[in-house]
Amino acid sequence: SDPDIPSVRSMTIKPAKGPGGDCLTCAQSTHGFLAALDETSLRRFDLGGRCVPRARGAVLFRQGEPAEDAFCVSGAVVKLSHTPSSGPAGEKGPGAGAGRSTVVGVVGCGALIGLAAVVSGRDYPYTATVVVPGAVAEIPGALLERLRLDNPPFGRALLAELAQEVEEGIRNAALLAVPR
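Keep in mind it's a predicted model, so treat the numbers as computed, not measured.

Further remarks concern the packing of helix α4 (residues 141-150) against helix α5 (residues 152-176). Running from amino to carboxyl end, α4 crosses α5 at an angle of 120 degrees, the nearest separation of the two axes being 5 Å. Between α4 and α5, the crossing angle belongs to the class labelled oblique. Between α4, through Leu144, Leu147, Arg148 and Asp150, and α5, the contact on the second element is made entirely by Pro152, Phe154, Gly155 and Leu158. Here the residues of the contact of α4 with α5 are counted per class, giving five nonpolar, one polar and two charged.

Okay, structure coming up:
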């Protein structure tokens, strides 16, 4: 058993909801906000050149770094881990983040990670590390913002995607709640 990958009983790997294939096909089949793109915008969004194989141990982003890109997992499995700060909430600098790292998710094909941090302009709330090698597409935050401004249906669909992410977070928090 690999210590980097939690048991299946403790974590769920999200499967793709659509057919396999390249990164864009995977993303389109899994994320409704891409359906709002017209042909021209879809070409701008094309993930082909940004979808690259990632080796085991590759860090996509680290907790606390400025969120510049979102990532669409196509063929890899990615561990999401969070390390609480040892100081007051939000503290940075020496001693910050000195707590024990906790795996907060394991995601696979079709997962879109870092989107909320990119759209909100905040730092990444967790570290994303590849645990099973495979393809991952990098989606520049600047591209998401440009498409949001140029294409109102895309903006609305992106907002719906983020709302789903919030709802999933609430459901997960409820699962972890300890009865009093």
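What follows picks up the thread again.
Now for the packing of aromatic side chains. Summed over the entire model, instances satisfying the criterion amount to three aromatic pairs. With centroids separated by 3.7 Å and ring planes inclined at 15 degrees, the aromatic side chains of Phe61 and Tyr124 adopt a geometry described as stacked. Of this pair, Phe61 sits in strand β2 (residues 59-61) while Tyr124 sits in the loop between α3 (115-120) and β7 (127-132), and the two are 63 residues apart along the sequence. Here the two residues Phe61 and Tyr124 agree in accessibility, since each one is buried.

Moving on, we get to the nonpolar core. Judged by nonpolar contacts, the single largest core of 32 residues is most densely connected at Leu60, Phe61, Val78 and Ile113. Among the elements that take part in this core, strand β3 (residues 69-73) stands out by supplying four residues, more than any other. Aside from chain neighbours lying at most four places away, what touches Val78 is Leu60, Val73, Gly105, Val106, Val107, Ile113, Ala128, Thr129, Val130 and Val131.

Since there are 3.6 residues in each turn of an α-helix, residues three or four apart along the chain are aligned in direction. The end-to-end C-alpha distance of α5, which contains 25 residues, comes to 36 Å, matching closely the 36 Å that a straight helix rising 1.5 Å per residue would cover. Along α5, the residues that are buried comprise Phe154, Gly155, Ala157, Leu158, Glu161 and Leu162. Those residues of α5 that are buried are in contact with β6 (112-113), α3 and α4.

A few words on α4. Along α4, the positions that sit buried rather than exposed are Gly141, Leu143, Leu144 and Leu147. Along the axis of α4, the buried positions cluster into a sector of 160 degrees, meaning they face one direction only.

Moving on, we get to the sheet that holds strand β4 (residues 77-82). Whether parallel or antiparallel, the strands of a sheet pair through hydrogen bonds between backbone atoms. Read across the open sheet, the four strands follow the order β2-β7-β4-β5; overall the sheet is antiparallel. Strands with a single pairing partner mark the edges of an open sheet, and in this sheet they are β2 and β5 (102-107). Pairs of neighbouring strands in the sheet enclose a mean axial angle of 30 degrees, with direction left out of account. The sheet contact formed by β4 and β7 spans five bridges and is antiparallel. Paired with Ser81 across the two strands is Thr127, which belongs to β7.

Time to look at the environment of Thr127. With respect to the helices and strands, the residue Thr127 is situated in strand β7. Note on Thr127: relative accessible area 14%, which makes it buried. Placed 65 residues apart in sequence, Thr127 and Arg62 show a C-alpha to C-alpha distance of 4.1 Å. With residues near it in sequence (within four places) discarded, Thr127 still touches Val59, Phe61, Arg62, Gln63, Lys79, Leu80 and Ser81. Polar contacts involving the side chain of Thr127 include one to the main-chain amide nitrogen of Gln63, which spans 2.9 Å.

Throughout the structure, instances matching the rule amount to three salt bridges. A salt bridge links Glu145 to Arg148; the nearest nitrogen and oxygen atoms lie 2.6 Å apart. Separated by three residues within a single helix, Glu145 and Arg148 lie in helix α4, roughly one turn from each other. With a closest N to O distance of 3.0 Å, Arg146 and Asp150 form a salt bridge. Residue Arg146 and its partner Asp150 are located together in helix α4, separated by four residues, close to a single helical turn.

Rules of the game
Residues numbered from 1 in each chain as written. Predicted model: local features only at pLDDT ≥ 70, side-chain atom pairs only at ≥ 80, totals over all residues. Heavy atoms only, no water. Axes fitted to C-alpha atoms, helices over the stretch in contact; angles between N-to-C directions. Helix = DSSP H or I, 4+ residues; strand = E, 2+ residues; numbered from the N terminus. Parallel < 35°, antiparallel > 145°, perpendicular 65-115°, else oblique. Contact = heavy atoms within 4.5 Å. Nonpolar A, V, L, I, M, F, W, Y, C, P; charged D, E, K, R; others polar. Phe/Tyr/Trp six-rings, centres within 6.5 Å; stacked < 30°, edge-to-face > 60°. Buried < 20%, exposed > 50% of the residue type's maximum accessible area, 1.4 Å probe, protein only. Core = buried A, V, L, I, M, F, W, Y, C linked by side-chain atoms within 4.5 Å. Expected span 1.5 Å × (residues − 1). Arc of directions from axis to C-beta. Pairing = 2+ DSSP bridges. Polar contact = N/O pair within 3.5 Å; in protein donor to acceptor, adjacent residues only side chain to side chain. Salt bridge = Lys/Arg side-chain N within 4 Å of Asp/Glu carboxyl O.

These results come straight from atomic positions and should not be treated as a statement about function.
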